[in-house]
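Close look at the chain arrangement
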Amino acid sequence: MKAKKILTGAALLVVGALGLSACSGSGDAGSNGKVEMTLWQNSTTGAGQQFWKDAIAAFEKANPNVTITMQSVQNEDMDGKLQTALNAGDAPDIFLQRGGGKLAAMVQAGQLMDLTDKISDTAKSEISEGSFKAETYQDKVWAMPLAVLPSGFWYSSDLFTKAGITTAPTTISDLESAVGKLKSSGVAPIALGGKDAWPAAHWYYNFALRECSAQTLEKTGDSKDFSDGCWLKAAEDLNDFAETKPFNEGFLTTSAQQGAGSSAGLVANHQAAMELMGAWDPGVIASLTPDEKPLPDLAWFPFPEISGGQGEPGAMMGGVDGYSCSVKAPKECADFLNFIASADQQKAYYAAFSAPPVNKTAQAAVKEPYLQEVLAAYNKAPFVSQWLDTVLGQNVGNALNVAVVDLLAGKSDPKQMIQSVTDAAKKG
């Protein structure tokens, strides 16, 4: 993939009781040469969890002195539990890294291993510079990128055809028209897991990407200043769209990824026609179909353009998922990260998660048309922004997510939404 500007938050991040056992962050390199490490990842079932088990087994076979103990943490619980562990000095050695302001805060607190000189030459040659820059802060690399996860709509082409929709929406007007046709066909137009907050907030992120310039997004990532009118305009756009009642009944109490009744499950079982989500969604949907296989009629289209917005046409929301090492982790942690970034492991990652791998050699193995379309759109995007709650950091990001849910629940209006995020930013 070509290098591009990726907004990841923080000043120099522009290119663009836990209930868990075995979480010592210092690793254990005994005098007998044995090394023990812990890993936290967010795949709790199915092929995704099996990928990590297989990767660990393969690494341990090649490195018989190393033992890695894995903990599977529910995605929605990961950030809070990890932050608690980091603050307690008891973090896992290897863990999921969201990037952005969250990564910057960990670096500033001295909690991450500097990987700059530990990335292998193979990884450097097979992973784009732009992907590494998404994991860079103050000119140093703090995580190994693993997956490209841009946002877009995942939809059932069969349900679209049944509703008389012949082409994917390219404008918000097109999307509203599609919603009307889908309602008439008797299916929920759009699945939304509002219970988890962040899926609802993804709608605001994408409207903001269309209304705000790249420069404004970058500036706000640092300043936490939402006074530019584009932020309010994006909230108004979302409010107007929500008034068309496009979402599944009970969307405020629907989870995103857990069970057949989740938003992903509604798409998987043809109870809803589409979902706005990151590029991990095909794998989640596949795990929730009746036969636990990929949805045969799954397709994808990018977030529609908006007339008059300041955002660059083709800009995308979403980022690069990576893995970091705790500052106290043994050197073998970096070896493991280089291992899982290799082409063979990245092909296995793609097969397990049905998500685009970050390794350029492994990308050649991608065969699903919808993932090929995602990669094509990503590779030509003039600007890619990391998820805004990641850009803004834990406190302001969480406040934004909650504010979006309150707007969709009718508890606030667009001006009140922006004010609540501004108030959270002032508190730091």
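The following paragraphs examine the structure supplied in this document. (Residues numbered from 1 in each chain as written. Predicted model: local features only at pLDDT ≥ 70, side-chain atom pairs only at ≥ 80, totals over all residues. Heavy atoms only, no water.)

Some points on the pairing of strand β10 (residues 272-278)
Counting buried residues in β10 gives seven out of seven residues, a clear majority hidden from the surface. Pairing between strand β8 (residues 144-156) and β10: five bridges, direction antiparallel. Its bridge partner lying in β10, Phe153 is registered against Leu276. Bridge count for strand β9 (residues 188-190) against β10 is two bridges, and the pairing is parallel. Each bridged residue has a counterpart across the sheet, and for Ile190 the counterpart in β10 is Met274. (Buried < 20%, exposed > 50% of the residue type's maximum accessible area, 1.4 Å probe, protein only. Helix = DSSP H or I, 4+ residues; strand = E, 2+ residues; numbered from the N terminus. Pairing = 2+ DSSP bridges.)

Regarding the packing of aromatic side chains
To describe a pair of aromatic rings, you give the distance between the ring centres and the angle between the ring planes. Tallied over the full model, the rule gives 26 aromatic pairs. For the pair Phe59 and Phe336, a centre-to-centre distance of 5.2 Å together with 85 degrees between the ring planes defines the contact as edge-to-face. Taken together, the residues span a long stretch of sequence, with Phe59 in helix α1 (residues 46-62) and Phe336 in helix α13 (residues 332-340) at a distance of 277 residues. For the pair formed by Phe59 and Phe336, the shared burial category is buried. Through a chain of ring-to-ring contacts, the aromatic side chains of Phe153, Tyr155, Phe160, Trp203, Phe207, Phe241, Phe247, Phe251, Phe301 and Phe303 assemble into a single cluster. (Phe/Tyr/Trp six-rings, centres within 6.5 Å; stacked < 30°, edge-to-face > 60°.)

Considering the pattern of salt bridges
Scanning the entire structure with this criterion turns up seven salt bridges. Two residues, Asp237 and Lys233, come together in a salt bridge whose shortest N-O distance is 2.8 Å. Here Lys233 and Asp237 lie together in helix α10 (residues 229-242), a separation of four residues that amounts to about one turn. The exposure class of Lys233 is partly exposed, given its relative accessible area of 36%. Where Lys331 meets Glu332, a salt bridge forms, and the shortest distance between an N and an O atom there is 3.2 Å. What makes Lys331 exposed here is its relative accessible area of 59%. Through salt bridges with shared partners, a single network forms among Asp79, Arg98 and Lys102. (Salt bridge = Lys/Arg side-chain N within 4 Å of Asp/Glu carboxyl O.)

Quick look at the environment of Val148
For Val148, the position within the fold is in strand β8. Linking Val148 and Leu400, residues 252 residues apart in sequence, is a C-alpha distance of 24 Å.

Considering a negative patch on the surface
Residues Glu176, Glu236, Asp240 and Glu243 make up a contiguous surface patch of negative charge. Mapped onto the fold, Glu243 is located in the loop between α10 and α11 (263-268). (Patch = residues over 30% accessible without salt bridge, like charges linked within 9 Å, V, L, I, M, F, W, Y side chains within 5 Å. Areas by Shrake-Rupley, 256 points an atom, 1.4 Å probe, with all protein chains shown as cover. Lys, Arg positive; Asp, Glu negative; His and termini not counted. Charge placed at Lys NZ, Arg CZ, Asp CG, Glu CD.)

Observations concerning the state of the cysteines
Counted according to the given criterion, the structure contains two disulfides. The side chain of Cys212 participates in a disulfide bridge whose partner is Cys230; the two sulfur atoms lie 2.1 Å from each other. Judged by the torsion about the S-S bond (100 degrees), the Cys212/Cys230 disulfide is right-handed. Note that Cys212 is positioned in the loop between α8 (198-211) and α9 (214-223) and Cys230 in helix α10, a separation of 18 residues in sequence. (Disulfide = S-S within 2.5 Å.)

Thoughts on helix α16 (residues 369-380)
The α-helix advances 3.6 residues per turn, and as a result positions three or four apart in sequence lie on the same side. Compared with the 16 Å implied by 1.5 Å per residue over twelve residues, the 17 Å span of α16 between its first and last C-alpha is a close match. Of the positions making up α16, those classed as buried are Tyr370, Leu371, Val374, Leu375, Ala377 and Tyr378. One face of α16 carries all of its buried residues, which in axial projection span an arc of 165 degrees. Looking at α16, the residues exposed on the side facing more than 90 degrees away from the buried face are Pro369 and Lys380. (Expected span 1.5 Å × (residues − 1). Arc of directions from axis to C-beta.)

Here we look at the packing of α8 against α10
In contact at an axis separation of 8 Å, α8 and α10 are set at 130 degrees when each is read in the N-to-C sense. The orientation of α8 with respect to α10, classified from their angle, is oblique. Of the two possible hands of crossing, α8 and α10 adopt the one that is right-handed. Here Trp203, Tyr204, Phe207, Ala208 and Glu211 of α8 lie close against α10, whose contacting residues are Cys230, Trp231, Lys233, Ala234, Ala235, Asp237, Leu238 and Phe241. Its residues placed into classes, the contact of α8 with α10 shows ten nonpolar, no polar and three charged. (Axes fitted to C-alpha atoms, helices over the stretch in contact; angles between N-to-C directions. Parallel < 35°, antiparallel > 145°, perpendicular 65-115°, else oblique. Left-handed = near helix turned anticlockwise from the far one by under 90°. Contact = heavy atoms within 4.5 Å. Nonpolar A, V, L, I, M, F, W, Y, C, P; charged D, E, K, R; others polar.)

Re unusual backbone geometry
Its identity as a non-glycine residue notwithstanding, Glu292 has a phi of 55 degrees, on the positive side. When you line up the elements, Glu292 lands in the loop between α12 (281-288) and β11 (298-301). With relative accessibility at 61%, the residue Glu292 sits in the exposed group. Notably, Ser354 is not glycine yet its phi reads approximately 50 degrees, a positive angle. Structurally, Ser354 is set in the loop between α14 (343-353) and α15 (360-363). A relative accessible area of 9% places Ser354 in the buried class.

Some thoughts on the nonpolar core
Membership of the largest hydrophobic core comes to 145 residues, with the highest contact counts inside it found for Trp52, Trp154, Trp203, Tyr204, Trp231 and Phe336. Tallying contributions element by element places α8 first for this core, with nine residues. Setting aside residues up to four positions removed in sequence, Trp203 forms contacts with Phe153, Leu175, Ile190, Leu192, Leu238, Phe241, Phe247, Leu276 and Phe303. (Core = buried A, V, L, I, M, F, W, Y, C linked by side-chain atoms within 4.5 Å.)

What about the pairing of strand β12 (residues 316-325)?
For β12, the tally of buried residues reaches ten of ten residues, placing the bulk of the element in the interior. Relative to β12, strand β5 (residues 94-97) runs antiparallel, the two being bridged by four bridges. Note on β12: the bridge partner recorded for Ile94 is Cys325. Note that β8 and β12 share six bridges and pair antiparallel. If you follow Ala147 over to β12, its bridge partner there is Asp321. As paired elements, β12 and strand β13 (residues 384-385) share two bridges and run parallel to each other. Within β13, the residue paired with Met317 across the bridge is Ser385.

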